[in-house]
Amino acid sequence: MTGTLITVAPTGAESSKADVPALPVTLDELVTTAKECEALGASVIHVHIRDDDARPTLDQGRLRATVSALRAATGLIVQLSSGGSVHDPEADRLAVLDAGPEMASCTMGTVNFGDDVFLNRWAFIVDLHTRMQERGIVPEYEIFDLGQLTTLQRLLDRYGLPFGGHVHVDLVMGVPGGMPGTAAAVVACERIIRDLPEGTTFAATGIGRSTLPVMLASLAAGGHLRVGMEDTLTYAKGRPVESNMQLVARAVGFAQLAQRPPLTPTLARELLGVPA
Ligand code: KMH
Ligand code: ZN
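Just so it is clear, the structure is predicted and the values come from calculations on it, not from any experiment. (Residues numbered from 1 in each chain as written. Chains lettered and ligands numbered in written order. Predicted model: local features only at pLDDT ≥ 70, side-chain atom pairs only at ≥ 80, totals over all residues.)

### Digging into the overall build of the protein
Step number 1: Secondary structure summary: the protein contains 9 helices and 14 strands in total.
Step number 2: For 276 residues, the compact-globule estimate of 2.2 N^0.38 gives 19 Å, and the C-alpha radius of gyration of the protein, at 17 Å, lies within 12% of that figure.
Step number 3: Along the longest, intermediate and shortest principal axes, the C-alpha atoms of the protein span 45 × 40 × 40 Å.
Step number 4: The burial tally for the protein puts 48% of its 276 residues in the buried class.
Step number 5: Long-range pairs, those at least 24 residues apart, make up 74% of the contacts in the protein between residues at least 6 apart in sequence. (Helix = DSSP H or I, 4+ residues; strand = E, 2+ residues; numbered from the N terminus. Rg over C-alpha atoms; globule rule 2.2 N^0.38 Å. Buried ≥ 20, exposed ≤ 12 C-beta atoms within 10 Å, placed from the backbone. Contact = placed C-beta atoms within 7 Å.)

Spelled out as structure tokens, the structure:
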């Protein structure tokens, strides 16, 4: 498949609505954003949700309502974050799978995360992976550092392929504490990804100012793209991001220039092994 999978990560768990008023935090804001990003060319939405005070939450009722609202209003593949925020306990992160997403993220190791620690013990990773296999949820393996690709290899060797049989990883680059958001790091990851099961695909996102180099390097290396206000709040020097749509539109433009136009949600489902 020669197109580009474009995932939008519109909200995240790190930025506050007070600091970033354009961040979609209510269900209405999220659904509107999702529809507009789909119309522009996104095919997957990576979802973190907020409570009534716009604080990150993993509330089960809200997660379920979010999944059904996004599925009713769009054709996007709905991927819930099992990463949550650095403060969320493992039990709540595992319970995200109970909300019935088609996909969920699954981070492949512990990483320093700015001044915090994003904890992902091996036993927790195994739990997430095997529960997703049992429930028919397709994982996206989040990779914050090079060695986490080796952890993924070990996971697949010991516990088998994910539901759907296709392996898809997302390189989250430029987190303070993780791998750098550089073209050299994208290429280094791509070399290791070749040792993963045949057909493994990857997307990449660069946090902050690494957005552009990572996006260009990923396209050049045959990878896909994740963009959004979870990762990027500055569009260009001195220009705050106005909306998630602005970031998706830029990614679509680069993908078209690279002669790899955005995949529709239907083609994205085929690629990732997500049932229609
Ligand atoms: N919010 C970060 C601590 C994921 O969504 O799976 C973790 C994160 C990864 O965003
Ligand atoms: Zn996330």
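Additional details are given in the paragraphs that follow.
### Regarding unusual backbone geometry
Step number 1: The backbone phi angle of A54 is positive, close to 65°, even though this residue is not glycine.
Step number 2: Looking at the element boundaries, A54 is found in the loop between β3 (49-50) and β4 (56-57).
Step number 3: Among the residues examined, A54 registers 15 C-beta atoms within 10 Å and is labelled partly exposed.
Step number 4: Phi is positive for Q259, which is not a glycine, with a value near 65°.
Step number 5: If you trace the backbone, Q259 turns up in the loop between α8 (244-257) and α9 (265-272).

### Let's talk about the pairing of strand β6 (residues 103-107)
Step number 1: In terms of burial, β6 is a largely internal element, 5 of the 5 residues being buried.
Step number 2: Residues M103, S105 and T107 line one face of β6 and the alternating positions A104 and C106 line the opposite face, and both faces are buried.
Step number 3: The pairing of strand β5 (residues 77-80) with β6 spans 2 bridges and is parallel. Across the sheet, the residue bridging to Q79 is M103, located in β6.
Step number 4: Bridging between β6 and strand β9 (residues 138-143) involves 5 bridges; their strand directions are parallel. Paired with M103 across the bridge in β9 is V138. (Pairing = 2+ DSSP bridges.)

### Comments concerning the confidence of the model for the protein
Step number 1: Overall, the prediction assigns the protein a mean pLDDT of 98, with 100% of residues at 70 or greater.
Step number 2: This prediction of the complex comes with two scores: 0.98 for pTM and 0.99 for ipTM. (pLDDT = per-residue confidence, 0-100.)

### Focus: the site of ligand 1
Step number 1: Neighbouring ligand 1 are the residues G12, A13, S81, S82, G83, S85, V86, S105, T107, F113, F118 and E142.
Step number 2: Split into classes, the residues belonging to the shell around ligand 1 amount to 4 nonpolar, 7 polar and 1 charged. (Near = placed C-beta within 6 Å. Nonpolar A, V, L, I, M, F, W, Y, C, P; charged D, E, K, R; others polar.)

### Some points on the sheet that holds strand β10 (residues 168-173)
Step number 1: Strand order in this closed barrel of 8 strands is β1-β2-β5-β6-β9-β10-β11-β12, and the pairing throughout is parallel. Each adjacent strand pair in this sheet contributes to an overall mean axis angle of 30°, direction not counted.
Step number 2: This element, helix α7 (residues 211-220), spans β10, β11 (201-206) and β12 (224-227) of the sheet and lies at about 160° to β11. (Axes fitted to C-alpha atoms, helices over the stretch in contact; angles between N-to-C directions.)

### Quick look at the packing of helix α1 (residues 27-40) against α8
Step number 1: Taken N-terminus to C-terminus, the directions of α1 and α8 make an angle of 15°; their axes are 9 Å apart at the nearest point. As judged from the angle between their axes, α1 and α8 are roughly parallel. The interaxial crossing formed by α1 with α8 has right-handed handedness. Across the interface between the two elements, T33, E36, C37 and L40 of α1 pack against N244, M245, V248, A249 and V252 of α8.
Step number 2: For the contact of α1 with α8, the residue count by class is 6 nonpolar, 2 polar and 1 charged. (Parallel < 35°, antiparallel > 145°, perpendicular 65-115°, else oblique. Left-handed = near helix turned anticlockwise from the far one by under 90°.)

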